[in-house]
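What the coordinates show
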Amino acid sequence: MSKQKISGSDALILSLLEEGVTTIFGYPGGQIIPVFDRLYDYKDKLHHVLVRHEQGATHSAQGYARVSGKVGVALFTSGPAATNAITGLADAMMDSTPIVVITGQVPSHMLGTDAFQETDVMGITLPITKWAYQIRRPEEIAGAVARAFYIARTGRPGPVVLDLTKDAQVGLTEFEYKKCDYIRSYVPVPKIERQDIINAAELINTAKKPLMLVGQGVVLSNAEKEIIAVAEKAGIPMAVTLLGLSAIPSGHPLYKGMLGMHGNIGPNIKTNQCDVLIAVGMRFDDRVTGDLKSYATQAKIIHFDIDASEFNKNVKADVTVLGDAKQTLAALFDEIKENSYKEWVDSFAPCEQAESEKVIMPEISPKSGLLKMGEVVRKVSEASGNKAVLVTDVGQNQMFGARYFKFTQTRSVVTSGGLGTMGFGLPAAIGAKFAAPDRTVCLFCGDGGLQMTIQELGTILETGVGVKIILLNNNYLGMVRQWQQLFFHERYSETVMVNPDFVMLASAYGIKSRRVEMREDLDDAIAEMLSDDAPFLLDVCVEEAGLVFPMVPAGGCVSDIMLNPSEKY
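The rules behind the values
- Residues numbered from 1 in each chain as written.
- Predicted model: local features only at pLDDT ≥ 70, side-chain atom pairs only at ≥ 80, totals over all residues.
- Heavy atoms only, no water.
- Helix = DSSP H or I, 4+ residues; strand = E, 2+ residues; numbered from the N terminus.
- Buried < 20%, exposed > 50% of the residue type's maximum accessible area, 1.4 Å probe, protein only.
- Domains from an automatic or database assignment.
- Contact = heavy atoms within 4.5 Å.
- Buried area = accessible area lost by both parts, 1.4 Å probe.
- Salt bridge = Lys/Arg side-chain N within 4 Å of Asp/Glu carboxyl O.
- Nonpolar A, V, L, I, M, F, W, Y, C, P; charged D, E, K, R; others polar.
- Pairing = 2+ DSSP bridges.
- Axes fitted to C-alpha atoms, helices over the stretch in contact; angles between N-to-C directions.
- Phe/Tyr/Trp six-rings, centres within 6.5 Å; stacked < 30°, edge-to-face > 60°.
- Parallel < 35°, antiparallel > 145°, perpendicular 65-115°, else oblique.
- Left-handed = near helix turned anticlockwise from the far one by under 90°.

What about unusual backbone geometry?
A cis amide bond links Phe-549 to the next residue, Pro-550, at an omega of -5°. Note that Pro-550 resides in the loop between β20 (536-541) and β21 (562-564). Within the chain, Asp-114 stands out as a residue other than glycine whose phi angle is a positive 60°. By secondary structure assignment, the location of Asp-114 is in the loop between β5 (99-105) and α6 (121-125). Judged by relative accessible area, which is 72%, Asp-114 ranks as exposed. One non-glycine residue, Asn-475, lies in positive phi territory at about 60°. Along the chain, Asn-475 turns up in the loop between β18 (468-473) and α22 (478-487).

Here it is in structure tokens:
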């Protein structure tokens, strides 16, 4: 007896429900109307968040994925809607974020005819996705969705695109869903080579000055407990990448701070002093390594990663360990010896003292002058009990957020790392709050980045989602201005911003807001912002000429560190 047939649109929605999807971010349009029509009858099971721009949908899906650990989902129509998603897809690919983006497409018989709102979604998205597939028949839908979610979330996660023709949406099919757990030639979790673990352990066990670099791969594989266990057993100090932030609690005694261009002095200096460098779930990005010719040349390098293509791509490793970090670290734990490197760990103290005196305290506890970005970030972090989710846009706000926010639990950072997407912050914060409604979500953004996706204030208006927006408002494109000051002879070309009244703008969207210009008003304003779970915009007028330090100049040696415009460490 044949099963009752349903439409492809129903098959798509039922498939999403089978994958445990409860929230999707989207925007309707001509070639996806059949899906949205059927979505009308599933409102009790599937919450659709109507964004104001398709880029916002992809970034919201990213924020949702990063905080929840689940696959984020975005849904919209063809043509310009699909091309609006390109930035989010590229961002997700660079930062290994699992999202499934479903786009509508013209009917199959019209493909290639330059039909209204037709775009070659496959050709455009293949280079910036883990997998992209065009569904032309309704009977393909269930299998394609199952495969999409499997590919997006397994191995090194990433974005997947499903391009769904209109005839596939309206055609009828029998529905049977089977989750995907195998694809021929796709090996998401490689088998661990025992000898690689042994070789890594031998280097670690004989090290005099080991240093562990913690990347986002640790978070993606839920290996936070394992890496802390390894570090504590062997007594190894740890430093994190930008996307690895919150994998290690800020107060852990072996945690030494963030790596990279605006990272802490200790981790950068000690990278070029350690004898064994253990990198876990990170890709040796240029913002971390600086000049490769002078990067950790004295050290034996061990690289743990799930993606073999990262091995020896930028930095040549002496030992590579392929596999899921949770598994490889657990195996390593059994092979390493209990150890302590008190003298080595203590050697970070002079770096920390110098950074505190020259950079940190003047930034977070200024004696006078205009408000500083760092002090705002630290006060918000402390007021939230250091338990909030930090979301940033890109620019000085991002680096100040990363440097001065503190973390007590994992999956507490959402930021655009590899692509550096201005406009990422606001929609990503919306997604993060939907993923963790019981957590405080604090977005730090600049006046430039906020205006790139400011239409998503409309999403907040409609949903009431309780994002706390802290606008570090300096009337400049701050990071570009910093480079112009330091490296381009103070020629401030097109970086001055003429801004609207953000408080009035927030009011127009029904969002509570407050402007702070004086230091004595800041604590009270932060308390007001955090007093309930309603959305809030805090417009903080900070110094226009603020600079984020320390700084390793682009392409410079990681141990060549600027403390301020005229002084090096």
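Describing the domain arrangement of the chain
What the domain assignment reports for the chain is domain 1 (6-173), domain 2 (194-346) and domain 3 (370-542). One C-alpha centre belongs to domain 1, the other to domain 2; they are set 36 Å apart. Taken together, the contact pairs 7 residues of domain 1 with 7 residues of domain 2. Between domain 1 and domain 2 the total buried area reaches about 630 Å² when both faces are included, carbon and sulfur atoms providing 53% of it. The largest contributions to the domain 1 side of the interface with domain 2 come from Arg-66, Asp-95 and Arg-156, which together make up 63% of the buried area. Run the count over domain 1 and domain 2 and you get 2 salt bridges. Ionic pairing is found between Arg-156 and Glu-310, a salt bridge with its closest N-O pair at 2.7 Å. Here the residues of the side of domain 1 that touches domain 2 are counted per class, giving 2 nonpolar, 2 polar and 3 charged.

Concerning the sheet that holds strand β9 (residues 210-214)
Read across the open sheet, the 6 strands follow the order β11-β10-β9-β12-β13-β14; overall the sheet is parallel. Only two strands of the sheet have a single neighbouring strand rather than two, namely β11 (255-258) and β14 (319-322). Between one strand axis and the next, the sheet turns through 20° on average, direction left out of account. Where β9 lies against strand β12 (residues 276-280), 5 bridges are found, and the strand directions are parallel. When the bridges of β12 are listed, Leu-213 appears paired with Ala-279. Here helix α9 (residues 194-205) sits on the sheet in contact with β12, β13 (300-305) and β14, set at roughly 135° to β14.

Comments concerning the packing of aromatic side chains
Inspection of the entire model under this criterion finds 12 aromatic pairs. Aromatic pair Trp-344 and Phe-348: ring centres 5.6 Å apart, planes at 70°, arrangement edge-to-face. A relative accessible area of 5% places Trp-344 in the buried class. With a centroid separation of 6.2 Å and an interplanar angle of 20°, the aromatic rings of Phe-400 and Tyr-404 are classed as stacked. In this pair, Phe-400 and Tyr-404 are both assigned in helix α18 (residues 396-404), 4 residues apart and thus about one turn of the helix distant. Residue Phe-400 is classed as buried on the basis of its relative accessible area of 3%.

Points about the pairing of strand β4 (residues 72-76)
Along β4, 5 of the 5 residues are buried, which leaves the element largely enclosed by surrounding structure. The alternating pattern of β4 places Gly-72, Ala-74 and Phe-76 on one face and Val-73 and Leu-75 on the opposite face, and all of these are buried. Note that β4 and β5 share 5 bridges and pair parallel. Residue pairing across strands places Leu-75 opposite Ile-102, the latter belonging to β5.

Examining α22
Those residues of α22 that fall on the buried side of the exposure criterion are Gly-478, Met-479, Arg-481, Gln-482, Gln-484 and Gln-485. Each element contacted by the buried residues of α22 is listed here: α18. Following α22 by one or two positions, His-489 adopts a phi angle in the positive range, close to 60°.

A short note on the sheet that holds β20
Taken in spatial order, the 6 strands make up an open sheet running β16-β15-β17-β18-β20-β19, and their pairing is parallel. Of all strands in the sheet, those with a lone pairing partner are β16 (413-414) and β19 (512-516), marking the two edges. Strands in contact with α18 are β15 (389-392), β17 (441-446) and β18; relative to β15, the strand with the most contacts, it is inclined by about 160°.

A short note on the packing of helix α16 (residues 349-364) against α18
Following both chains from N to C, one finds α16 and α18 inclined at 110°, their axes separated by 12 Å at the closest point. In terms of their interaxial angle, α16 and α18 are classed as roughly perpendicular. By crossing handedness, the relation of α16 to α18 is classed as left-handed. Contact residues: Glu-355, Val-359, Ile-360, Glu-363 and Ile-364 in α16; Phe-400, Arg-403 and Tyr-404 in α18. Across the contact of α16 with α18, the residue classes tally to 5 nonpolar, no polar and 3 charged.

Quick word on the pattern of salt bridges
Tallied over the entire structure, the rule returns 29 salt bridges. Put simply, Asp-41 and Arg-38 hold a salt bridge, and the shortest N to O gap is 2.7 Å. By relative accessible area, which is 48% here, Asp-41 ends up partly exposed. Take Arg-38: its relative accessible area is 23%, and that puts it in the partly exposed class. For Asp-307, the salt bridge identified is with Arg-156, shortest N-O distance 2.8 Å. On the criterion of sequence distance, the pair formed by Asp-307 in the loop between β13 and β14 and Arg-156 in the loop between α7 (141-153) and β7 (159-165) is long-range, its members being 151 residues apart. Owing to a relative accessible area of 24%, Arg-156 belongs among the partly exposed residues under this scheme. Each of Arg-156, Asp-307, Glu-310 and Lys-313 takes part in salt bridges that share partners, so that together they form one network.

Focus on the side chain of Thr-459
Following the sequence through the fold, Thr-459 ends up in helix α21 (residues 457-463). By relative accessible area, which is 1% here, Thr-459 ends up buried. In contact with Thr-459, not counting residues within four places along its chain, are Val-49, Leu-50, Val-51, Arg-52, Ile-430 and Gly-464.

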